[in-house]
Structure formats: structure tokens, C-alpha cells
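# Survey of secondary and tertiary structure
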2 protein chains.
Amino acid sequence: MSDTRSKRPHYELHYWDGLPGRGEFIRLALEEAGEPYVDVARESTAEHGGVRAMLAPMKDRQAAVIPFAPPFLKIGDLTLCQTANALLYLGEKHGLAPSDEQGKYWAHGLQLTIADYVSEVHDTHHPLSNALYFEDQKPAAKARTKAFLEHRVPKFMNYFERVLAQNPAGDAWMVGASRSYVDLSIFQIVEGTQYAFPLAVEGFDRAWPRLAALRERVRALARIAAYLESPRRLAFNESGIFRHYPELDHRGLATSQPG
Amino acid sequence: MSDTRSKRPHYELHYWDGLPGRGEFIRLALEEAGEPYVDVARESTAEHGGVRAMLAPMKDRQAAVIPFAPPFLKIGDLTLCQTANALLYLGEKHGLAPSDEQGKYWAHGLQLTIADYVSEVHDTHHPLSNALYFEDQKPAAKARTKAFLEHRVPKFMNYFERVLAQNPAGDAWMVGASRSYVDLSIFQIVEGTQYAFPLAVEGFDRAWPRLAALRERVRALARIAAYLESPRRLAFNESGIFRHYPELDHRGLATSQPG
């Protein structure tokens, strides 16, 4: 995409290389928008990329806007800190969210609930501290994950399923009559949850049929389908938010709860 | 404030009674905006208040917009889910945030980082599950709180202090040259942290002088000062986010770290 670089400011996604993590929610939106972007940490240092370049805006002692942590998104002089904030911006600029007032705030509120879910998923493998390895907090991880699978996964998934069921425009998309960044994020958390806890969410498609259909609907969007086949898409792995540790999984624990 | 009710839609804050919690961030913004509002759970049931009325929008099987959890804010037909989303709206409508594009997104990004801090504070006393009592997860709470005080409090407070120091408009306010909802939220988390962990943050004002000055600057805002003296302000207590459990506190642990 280097041919567009000289023409206008392009998006710079600042996030770690090697894991989908929180950056993936922004990546999916940029891909669906069809916007060229630079994934800074994944560029070579010769192209002003790499981890040092990715983190540089956080360390800038002159900047007015200071990101707390990756991911953040830059376009020209504008810096957008925090995943949901970047999506709010992309939604407005690229038709990835409703343009009416209620629709815009409804989409953003849903994204913030998705962010809460993502934080809870992270804490299943790091319930005590990010400064400790998983192996050093495994008993607490087991207790937290069991409660998460038993209580929280059904609570969140029942809620998102109900949002689809109650959408006055039909149950094809989360908000209104067309796809938004919320749908892309739902795709990612459903995929991630099935990756991390395959036994616990056995029967996902029966328990939450509208979410399962939405997952497939997003996967079939032309730009998303092309992206998922590209080397730009990073697979889930045990450095990310959604990690598959077999000792934390429990067959049927999330899907056997009453709706 | 009932005299204004018949004139125009008024804000309805939906949050639990008896604790400041996440609702307090919205309450502070409404108070500083000088907007009349109804704190639904704290009204009598004869006035269409109470907990059942507070939760009703979450249980509505016809509504297009469904809050996941309190707090949420309603004005007329508009429903604003999630604390930071409600503040985004109030900031735009009532001059509680910068109106330029970067300023608006910068303020919101900071609020989302404050929300992350609030979630981490909550998990100090509930590291394993909300479905368990504090007493049933005390060993994990001790471990998580120690890591939080040692690593996370300094990381967040150093960051917020640096945001003040690097504000091109001066270090009086977090974003730009006048007070925003971000300053009100910083006031609340500084107060809350000092309430919950008085020993761990001994010397707070020396460690983070700009944040300490901001706390006092917010406290002295005319409308905030009046609010803090009113019965509408709820004291911190052990039902909220910021809880004082002496066994979790460690003298100097958060303030003795290098900056």
C-alpha cells in the first residue's frame, strides 16, 4: 500500500506484533473500511517500523496527547487512544456505524461492553497480576476461569443474542440495518471464545444461534473474507487475550446454563 | 427539581442507591453541568423511582437499546449505555469537553483509561468472581491488591501526572485550558484511592503534586463544592468500587516507587 503514502495521511496502527489482541478490533474495522494502513510494529525498521517506532508516541516527552498503552491509531497529527475510541472515530468517518444520534451512542455503548468482556477474558489467565507469569497464578486462574465460564460468558452472550433479537431492523446486525464495527468485534470475541474454551462453549451455535449466524455473516463480508486469508491476519495464540490453556477449559460449562 | 419536569425531558440517572460506584462519574458531570436530573433508584416508588424502576430498561423485552448494567443515562427517548459513553454525550452537549476533534477524542481516550483503572480497583477486592463474597476470595484479593498497589497505581498516577505536565495549555486541567469531565473523574479516582488505601498512598501529594492540586481545584468548583455538601453526594463505603479493607493496605507501597 506504499503507493498511497505520499498522497495523503494514512492510518498508522500502533500495536504489538505477534498477537491479535486488542489491536485486532481496530484492524478489522480498517480492513472493512478498505482504508490503507500501516501496522507499525510489523514494518521493518528500515521503513520506520518496528516495536521502538510503535511505542515512540507513548514515550514522547513533548506530545500533548500521550497513549497509555497500545493499541492506538494515528492519522496525520491526530492520535486516537484506546480501542473503542479509535472505533468511534472510524465508525463516523467510514460508515462503520449508524449516523443518527441514538445509533451512534448505542453502537459505542455496545463496544464498551465488548471491551469489558475482553478485559474479563484477559483476567482469566492473569487474575492476580500482569507482572506474574500464568504459571505463577494458576490456582487463581482456575478459580477465576470457572466463574467466568459459568456466570459471565452466558451473561454476556445471552445479552448480545438478545440485542440481535430485539433489533427493530432485524437480527442480521447488532445495530440498525447494516454492518457496523460492533459486528466485526462480535465476530472477534465469538471466534476468540471458541478458540480459548472450545469445550466450555460446545454447542455455541445452538445456545446462541443469532450470534453464530452473525459470526458467519461477518466472515463472508468480501473485504473481511479477503483479509482473513491474508498474511495480515494473525492467528490466536497464547500471547494474546484469548488463550487456549486446556487446564482452564470445562466441557459444557458455558453453554449448559439456562438462558 | 420537580418544577422543571413538565417543561422538557430531564436526565434520568439509572444506578444503584447506597454507593457512589461508577454512577458517581456521571453524577459529577451532571452536577457540574448544572443540569437537573433524577437519580431514579433514590426516588420513592410513589415518584416512579426505586430499584425496580431503575432496572426496568434493562428488562424491557421490546426496547431497541438495552443497557447491560447500571449506570446508564436516559434523556427522553435517548438511552446512553456505559459510563464513558454518557460522559462523551454530556461533554458535547454541556461544554464539559473540548469541542475540537483532537480534544474531544483525547478527553474520551483518557476517560476510557480511567475506566480501566476503575475496573482494576474493583478487582482488588473481587479478583476471582463477583459471585463470591470478598471473604471467600481473600487470599487472592491480598495478592492482587499488592500487585496493584506496587505496579498499577504508580503506573496510572505517573501517567495522569504526566498528562497534566505535558498539557500545552498548562497543568491546571487534564485536557485543554478549562475543566472537563476528565478532571471530575480524576477527582473521584484520587479521592477513592486515598479512601481505599490510605497507607499505601501516604505522601500522595508529594508523589503526584499536579494531581493533588487538580483534586483541590475540582473540589473548589462552585457547583461541585455545593454538591459535595449536599445529601446527593454519597460517601465511599464497602459496597462500592473503592473499598477500605485494612488487611489489603500496605504503608507506602504505591508512593515509594520510582516515577
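Remember, it's a predicted structure, so these values are computed and weren't measured experimentally. (Residues numbered from 1 in each chain as written. Chains lettered and ligands numbered in written order. Predicted model: local features only at pLDDT ≥ 70, side-chain atom pairs only at ≥ 80, totals over all residues. Heavy atoms only, no water.)

The sites that UniProt annotates as "domain: GST C-terminal" (unreviewed entry) are residues 100-248 of chain A. Taken end to end, residues 100-248 of chain A is 62% helix and 0% strand, and its first and last C-alpha atoms sit 42 Å apart. (UniProt positions renumbered as here; feature names shortened; annotations may be inferred. Helix = DSSP H or I, 4+ residues; strand = E, 2+ residues; numbered from the N terminus.)

With that out of the way, let us pick up the packing of aromatic side chains. Under the definition given, this model contains 24 aromatic pairs over all chains. Taking 6.1 Å as the distance between ring centres and 50 degrees as the angle between the ring planes, the aromatic pair formed by F148 of chain A and F197 of chain A counts as tilted. Highlighted residues: F148 of chain A in helix α5 (residues 138-165) and F197 of chain A in the loop between α6 (181-196) and α7 (204-207), separated in sequence by 49 residues. F197 of chain A shares its class with F148 of chain A; the two are buried. Seen in terms of ring centroids, F134 of chain B and Y245 of chain B are 3.9 Å apart; in terms of plane orientation they differ by 5 degrees. Their pairing is stacked. Here Y245 of chain B lies in the segment after α9 (222-229) and F134 of chain B lies in the loop between α4 (101-125) and α5 (138-166), a separation of 111 residues in the sequence. (Phe/Tyr/Trp six-rings, centres within 6.5 Å; stacked < 30°, edge-to-face > 60°. Buried < 20%, exposed > 50% of the residue type's maximum accessible area, 1.4 Å probe, protein only.)

Here the focus is the interface of chain A and chain B. Residue-level contacts link 52 residues of chain A with 52 residues of chain B. Around 4,500 Å² of area is buried between chain A and chain B when both sides are counted, 56% of it from carbon and sulfur atoms. When the area that chain A buries against chain B is broken down by residue, the three leading residues are F68, Y105 and R162 of chain A, summing to 18%. Here chain A is connected to chain B by six salt bridges. Among the ionic pairs, R144 of chain B bridges to D123 of chain A, the shortest N-O distance being 3.2 Å. Elements that contribute at least two residues to the side of chain A that touches chain B include exactly α2 (51-59), β4 (78-81), α3 (83-93), α4 (101-125) and α5 of chain A. In terms of residue class, the side of chain A that touches chain B is built from 26 nonpolar, 12 polar and 14 charged. (Contact = heavy atoms within 4.5 Å. Buried area = accessible area lost by both parts, 1.4 Å probe. Salt bridge = Lys/Arg side-chain N within 4 Å of Asp/Glu carboxyl O. Nonpolar A, V, L, I, M, F, W, Y, C, P; charged D, E, K, R; others polar.)

Looking now at the layout of surface pockets. Any space left empty among the atoms is revealed by the rolling of a water-sized probe across them. The computed volume of the second largest pocket comes to approximately 360 Å³. Of all elements in the fold, only α2 of chain A together with α5 of chain B reach the threshold of two or more residues within the lining of the second largest pocket. The element contributing the most residues to the lining of the second largest pocket is α5 of chain B, with four residues. By residue class, the composition of the lining of the second largest pocket is six nonpolar, two polar and four charged. (1 Å grid on protein atoms, 1.4 Å probe; cavity = no way out; pocket = protein on both sides within 12 Å on 5 of 7 lines; lining within 4 Å. Points joined across faces, edges and corners; volume = space filled by probe spheres on them.)

This next bit is on the sheet that holds strand β2 (residues 37-39) of chain B. Residue and element names in this part refer to chain B. If you trace the four strands from one edge of the open sheet to the other, you get β2-β1-β3-β4, paired in mixed fashion. Looking at the sheet topology across the chains shown, the edges are occupied by β2 and β4 (78-81). Between one strand and the next, the sheet's axes are offset by a mean angle of 20 degrees, whatever the strand orientation. Relative to β2, strand β1 (residues 11-14) is paired through three bridges, and the arrangement is parallel. Across the sheet, the residue bridging to E12 is V38, located in β2. Here helix α2 (residues 51-59) sits on the sheet and contacts β1 and β3 (72-75); the angle it forms with β3, its principal contact strand, is near 90 degrees. (Pairing = 2+ DSSP bridges. Axes fitted to C-alpha atoms, helices over the stretch in contact; angles between N-to-C directions.)

This part is about the pairing of β4 of chain A. Residues and elements named next belong to chain A. Where burial is concerned, the two faces of β4 agree: the one with L78 and L80 and the one with T79 and C81 are both buried. Sheet topology note: the strand β3 (residues 72-75)/β4 ladder contains four bridges and is antiparallel. Bridge assignment links L73 to a residue of β4, and that residue is L80. Between the end of β3 and the start of β4, which pair antiparallel, lie two residues, with G76 showing a positive phi angle near 55 degrees.

This paragraph deals with the environment of R243 of chain A. Residue and element names in this part refer to chain A. Mapped onto the secondary structure, R243 falls in the segment after α9 (222-229). Taking relative accessible area as the criterion, R243 reaches 14% and is therefore assigned buried. Expressed as a C-alpha distance, the spacing of R243 and F204, which sit 39 residues apart in the sequence, is 18 Å. R243 has contacts with H125, H126, Y195, A196, N237 and E238, leaving out every residue within four places of it along the chain. Looking at R243, its side chain comes within polar contact range of the main-chain oxygen of G240, at 2.7 Å. There is a polar contact of 3.4 Å between the side chain of R243 and the side chain of Y245. (Polar contact = N/O pair within 3.5 Å; in protein donor to acceptor, adjacent residues only side chain to side chain.)

A few words now on the relation of the copies chain A and chain B. Screw-axis analysis of chain A against chain B gives a translation of 0.0 Å along the axis, an RMSD of 0.0 Å, and a rotation angle of 180 degrees. The two molecules are tied by a two-fold rotation axis, judged by turn and shift. Closest to the rotation axis within chain A is the C-alpha of P127 of chain A, separated from it by 3.0 Å. Taken together, the interface assignments show that 100% of the residues at the interface of chain A recur at the interface of chain B, consistent with an identical surface on both copies. (Least-squares fit on C-alpha atoms with pLDDT ≥ 70 in both.)

Residues and elements named next belong to chain A. Each domain of chain A was delimited in the assignment, giving domain 1 (2-93) and domain 2 (101-248). Distance between the C-alpha centres of domain 1 and domain 2: 22 Å. For the pair domain 1 and domain 2, the summed buried surface comes to about 2,200 Å²; carbon and sulfur atoms form 64% of the total. Ranking the residues of domain 1 by area buried against domain 2 places F25, L28 and E32 at the top, with a combined share of 30%. At the junction of domain 1 and domain 2, the tally comes to four salt bridges. Between the two partners, domain 1 and domain 2, sit 10 residue pairs in polar contact (both at pLDDT 80 or more). Elements that contribute at least two residues to the side of domain 1 that touches domain 2 include exactly α1 (23-33) and α3. (Domains from an automatic or database assignment.)

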